[in-house]
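Residues per chain are reported as follows:
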Amino acid sequence: MVDLKLIEDLSNAFGPSGFEDDVCRVVKKYTGDFDLVNDAMCNLYLKNRNFSGKKPVIMLDAHLDECGMMVQSILENGMISIIMLGGFHLTSLPAHSVLIRN
């Protein structure tokens with residue numbers, strides 16, 4: 001069965017490149033039966049607590065981050081100047097909601 005609350009929490013987590021801490025917290029919330037460690041690059045490693053090393057290891061690989069932007073400056077007319085975080089096509093920006101977080 002699909003856990004809609006998990007999908008909602010992951011979708012709503014703030015996670016542009018370099019700022020994936022909220023996404024890590026959501027993953028930790030839903031991985032109670034595993035030992036979970038993250039490194040300086042915010043990679044998450046989950047390990048079964050009862051792992052003996054005698055069975056095969058499976059790797060699931062995915063990105064925690066989402067495309068985002070950083071406010072570079074606020075102009076006198078109230079407009080903002082942004083720089084991109086991750087790959088993103090500026091032509092698709094008008095179709096998206098933008099959340100500015102400080």
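Structure first, text after, so check above.
The following paragraphs examine the structure supplied in this document. (Residues numbered from 1 in each chain as written. Predicted model: local features only at pLDDT ≥ 70, side-chain atom pairs only at ≥ 80, totals over all residues. Heavy atoms only, no water.)

Digging into the pairing of strand β1 (residues 34-38)
(1) Moving on: With five bridges connecting them, β1 and strand β2 (residues 44-48) associate as antiparallel partners. When the bridges of β2 are listed, Asn38 appears paired with Leu44.
(2) Moving on: Here β1 folds back onto β2, and the loop between the two strands holds five residues, one of which, Cys42, carries a positive phi near 70 degrees. (Pairing = 2+ DSSP bridges. Helix = DSSP H or I, 4+ residues; strand = E, 2+ residues; numbered from the N terminus.)

Focus on the pairing of strand β3 (residues 68-74)
(1) Moving on: In the sheet, β3 pairs with strand β4 (residues 80-85) via six bridges, with the strands oriented antiparallel. Among the inter-strand pairings, Met70 is bridged to a residue of β4, identified as Ile83.

Quick word on helix α2 (residues 21-29)
(1) Moving on: Within α2, burial applies to Asp22, Val23, Cys24, Val26 and Val27.
(2) Moving on: Taken together, the buried residues of α2 touch α1 (4-12), β1 and β2. (Buried < 20%, exposed > 50% of the residue type's maximum accessible area, 1.4 Å probe, protein only. Contact = heavy atoms within 4.5 Å.)

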